[in-house]
Amino acid sequence: MKKLCFLFSAITLVLTIGLQSCGSGVGKKSPGDAVKHSFNLLADKKFDKVVEMYVKKDGTAFTDEEKAKVNGLMNMASAELEKKKGIKSMEITEEKISEDGKTATVKWKVVYGNDETDTEDGELINVNGDWKMVIGK
C-alpha cells in the first residue's frame, strides 16, 4: 500500500511538472482570445467587464469618467448587436504579435444572427500578461 501511495504521488508530481513546463502561458490568453472574450462579454451585457478589457494606447487604464463613456458606447454596441440578432459565429482571421510581444494586431470576421457579416481589426497591448484592446490615442 505504501508503494502504491508513493507511486501515485510520484506520477502526480511528474505530471504537474510536465504540464507546467509544457504549458508556459497557460492562463494567459492570446490577443485573438481577448477579442473573442470581449465580444462574449458584450453579448452577455457585462459592460463593466468589457470596459476592463480596454486601455488607452499607452496601456494605461481609463479614468472613472472615461470608463463611464466607454460603458455607454458598449451599451449602444449591445443594442446594435440585438438588432442584428446576436452573434452566430466569430472567427479570428489574422493575429500578428510584435517581436517584443508587447503589441498585437488582430483581424476578425463576425457573422450575426441575421446573416450580416462584418470584418474588423484592432490593436491590442500586453499589460502585465493580459491582452487589452486599445482605444484612443
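Values in this document were obtained by computation on a predicted structure and should not be read as measured data.

## Brief notes about the pairing of strand E5 (residues 130-134)
Judged by how many residues are buried, E5 sits mostly within the fold: four of five residues are covered. As defined by bridge partners, strand E1 (residues 54-55) adjoins E5 across two bridges and the pair is classed as parallel. Paired with Tyr54 across the strands is Met133, a residue of E5. Bridging between strand E4 (residues 117-127) and E5 involves four bridges; their strand directions are antiparallel. Looking at the pairing, Asn126 lines up with Trp131 of E5.

## Details of the environment of Glu95
Relative to the elements of secondary structure, Glu95 occurs in strand E2 (residues 87-97). Residue classification places Glu95 among the partly exposed positions, given a relative accessible area of 35%. Note: C-alpha distance between Glu95 and Pro31 (64 residues apart in sequence) is 7.2 Å. Once you skip the residues sitting within four places of it in the chain, Glu95 turns out to touch Ser30, Pro31, Gly32, Thr105 and Val106. Here Ser30 takes part through its side chain, which lies 3.4 Å from a polar atom of the side chain of Glu95.

So, how was this worked out
Residues numbered from 1 in each chain as written. Predicted model: local features only at pLDDT ≥ 70, side-chain atom pairs only at ≥ 80, totals over all residues. Heavy atoms only, no water. Buried < 20%, exposed > 50% of the residue type's maximum accessible area, 1.4 Å probe, protein only. Helix = DSSP H or I, 4+ residues; strand = E, 2+ residues; numbered from the N terminus. Pairing = 2+ DSSP bridges. Contact = heavy atoms within 4.5 Å. Polar contact = N/O pair within 3.5 Å; in protein donor to acceptor, adjacent residues only side chain to side chain.

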